[in-house]
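Summary of structural features
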Amino acid sequence: MRSGLLSPSRLRLAAQVGFAAFLAWTCARFFDHVAWATGQSDIWAAKPPAVEGFLPISALMAAKRLVFTGQWDPIHPAGLTIFLAILATALLWRKGFCGQLCPVGLASNLLERLGRRLGLARQPGQLGRRILAAPKYLLLAGFGYLTLGMNAADIESFLHSPYNMVADTRMLAFFQQPSGTTLSVLGFLAVMSVVVPAFWCRALCPYGALLGLVAWLSPVAVARDEASCVHCGRCAKACPMALPVDTLTRVSSPECQGCVECVGVCPVPGCLGVSAANRRLPWWVLAAGTLAVLVVASVLADALGYWQSPLPPQMVRRMHMLMLGQMPDF
Ligand code: SF4
Ligand code: SF4
Ligand code: SF4
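What this report covers is the structure whose coordinates are included nearby. (Residues numbered from 1 in each chain as written. Chains lettered and ligands numbered in written order. Predicted model: local features only at pLDDT ≥ 70, side-chain atom pairs only at ≥ 80, totals over all residues. Heavy atoms only, no water.)

Looking at empty space enclosed by the protein
Within this structure, the stated rule accounts for three cavities of 30 Å³ or more. One number sums up the size of the largest cavity: a volume of about 80 Å³. Lining the largest cavity are 13 residues, with Cys239, Leu243, Cys256, Cys259 and Cys262 sitting closest to its centre. Within the lining of the largest cavity, the residues separate by chemical class into eleven nonpolar, two polar and no charged. (1 Å grid on protein atoms, 1.4 Å probe; cavity = no way out; pocket = protein on both sides within 12 Å on 5 of 7 lines; lining within 4 Å. Points joined across faces, edges and corners; volume = space filled by probe spheres on them. Nonpolar A, V, L, I, M, F, W, Y, C, P; charged D, E, K, R; others polar.)

Notes on helix H15 (residues 285–304)
The end-to-end C-alpha distance of H15, which contains 20 residues, comes to 27 Å, matching closely the 28 Å that a straight helix rising 1.5 Å per residue would cover. Where H15 is concerned, the buried positions are Val285, Leu286, Ala287, Gly289, Thr290, Val293, Leu294, Ala297, Ser298 and Ala301. Positive backbone phi, approximately 85°, marks Gly305, located one or two places after H15. (Helix = DSSP H or I, 4+ residues; strand = E, 2+ residues; numbered from the N terminus. Expected span 1.5 Å × (residues − 1). Buried < 20%, exposed > 50% of the residue type's maximum accessible area, 1.4 Å probe, protein only.)

A closer look at the site of ligand 3
Close contacts around ligand 3 come from Arg224, Cys229, Val230, His231, Cys232, Gly233, Cys235, Asp246, Cys266, Pro267, Val268 and Cys271, and that covers them all. When its residues are assigned to classes, the shell around ligand 3 shows eight nonpolar, two polar and two charged. (Near = heavy atom within 4 Å.)

Looking at the sheet that holds strand S2 (residues 250–251)
Here four strands make up an open sheet; going across it, the order is S2-S1-S3-S4 and the pairing antiparallel. Among the strands making up the open sheet, the edge pair consists of S2 and strand S4 (279–281). Note that strand S1 (residues 220–224) and strand S3 (residues 272–276) share five bridges and pair antiparallel. Bridging from a neighbouring strand, Ala221 pairs with Ser275 of S3. (Pairing = 2+ DSSP bridges.)

Observations concerning the pattern of salt bridges
Scanning the entire structure with this criterion turns up seven salt bridges. For Glu156, the salt bridge is made with Arg65, and the minimal N-O distance between the two is 2.9 Å. Here Glu156 is found in helix H7 (residues 152–159), whereas its partner Arg65 is found in helix H2 (residues 56–69), with 91 residues between them in sequence. Under the relative-accessibility criterion, Glu156 is labelled partly exposed at 26%. The class for Arg65 is buried, based on a relative accessible area of 5%. In this structure, Glu112 and Arg116 form a salt bridge, with 2.8 Å as the shortest nitrogen-oxygen distance. Taken together, the residues Glu112 and Arg116, both in helix H5 (residues 103–118) and four residues apart, mark about one turn of the helix. Residue classification places Glu112 among the buried positions, given a relative accessible area of 7%. (Salt bridge = Lys/Arg side-chain N within 4 Å of Asp/Glu carboxyl O.)

Thoughts on the nonpolar core
Counting residues in each nonpolar core, the largest one holds 26 residues, and the members touching the most others are Val222, Val245 and Leu272. Of all the secondary structure elements, the ones that give two or more residues to this core are S1, helix H14 (261–265), S3 and H15. For Val245, the contacting residues outside a window of four places in its chain are Val222, Arg224, Cys235, Ala236, Cys239, Val251, Cys262 and Leu272. Core analysis: the second largest hydrophobic core is formed by 17 residues, Ala90, Leu211, Leu294 and Ala297 among them. (Core = buried A, V, L, I, M, F, W, Y, C linked by side-chain atoms within 4.5 Å. Contact = heavy atoms within 4.5 Å.)

Digging into the side chain of Lys136
With respect to the secondary-structure elements, Lys136 resides in helix H6 (residues 126–148). If sequence neighbours within four positions are ignored, Lys136 has contacts with Cys201, Arg202, Ala203, Leu204, Cys205, Pro206, Ala209 and Glu255.

Here's the deal with the packing of aromatic side chains
Counted according to the given criterion, the structure contains eight aromatic pairs. Plain terms: the ring middles of Trp36 and Trp44 are 6.4 Å apart, the flat faces sit at 90° to each other, and that makes the pair edge-to-face. By relative accessible area, Trp36 is classed as buried at 4%. Grouping aromatic residues by their ring pairs yields a cluster made of Phe19, Phe22, Trp25 and Phe97. Taking NZ or CZ as reference, Arg29 lies 4.5 Å from the ring centre of Trp25, over its face. (Phe/Tyr/Trp six-rings, centres within 6.5 Å; stacked < 30°, edge-to-face > 60°. Lys NZ or Arg CZ within 6 Å of the ring centre and 35° of its normal.)

Considerations on the side chain of Arg202
Relative to the assigned elements, Arg202 resides in helix H11 (residues 199–203). Notably, Arg202 is buried but unbridged: the nearest opposite-charge side chain belongs to Glu255, and the N-O separation is 6.6 Å. From its side chain, Arg202 meets the backbone oxygen of Pro197 in a polar contact 3.0 Å long. When residues no more than four places from it in sequence are discounted, the contact partners of Arg202 are Gln123, Pro124, Arg129, Leu132, Ala133, Lys136, Val196, Pro197, Pro240, Met241, Ala242 and Glu255. (Lys, Arg positive; Asp, Glu negative; His and termini not counted. Polar contact = N/O pair within 3.5 Å; in protein donor to acceptor, adjacent residues only side chain to side chain.)

Shown next, in the form of structure tokens:
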């Protein structure tokens, strides 16, 4: 069992908190941008491109447009960069984004810890796990059907619509002034995540479903050395997704979040770890590799002109003013 500062559990929490702090800083800058764009402030503030990472549906359409036309989305270029970079992390480092960085994953991790501490956490059986996992794949199929079913002209018209241009501002408004229904749904999900570890991620997140399917193709996975295993079952018990780690030699399931909590609790040194093509890698590679891909992708995209939106600031402001009538909170 690994303890000390560099245990998988602690590094994971540190990475999640660090990434959440970065996103909070991004949102604070975006708030200033929206204040300027909606006329509440005369001080111009640039939009932080990273905020476009919260627009995966727009990015999905932009990805299809990229395939059709070879052109990068000029409306939310960073959104497309982040979307493709996160898919690349899944291919290289499994669901390292889910297990190590995603802010919803952080909330899920904290609620799971609370549930375990209070003795409320319950893991469903094998059938229950399968039933619970199904809705997110159905949601993903629905989004895929809607997006892939659109022709090039429809996608073009959506991406250039005023609605899409201010989609990030709309999202901010949605979370700034949550309706009673939104709060009830969030409360329900929080309670369910205390009782059923990673409830949102395992049942409802279509993004996680997509990453899981891509991660299936990854050569990297948690692997167990049968010869040295003492079959204590600690790894399976620690797994938020209740995967039977103690009976598998390689965890290839798309449900594996890449959290490496299982590795951290194994009492036999070298028995459980992260492997690629039968070679052992350091367990921290999922966090470090995922972060490295995102940083390199954003730096490269900035250098190549795929990060900052080329839309003139006054046009952005006009779009926001145009949408003001439908956005009474701004
Ligand atoms: S499944 Fe979705 S919400 Fe959960 S950690 Fe992954 S991307 Fe984030
Ligand atoms: S198998 Fe290990 S890395 Fe995968 S979800 Fe379970 S605990 Fe996390
Ligand atoms: S892999 Fe490690 S934690 Fe899991 S059953 Fe074997 S010895 Fe125990």
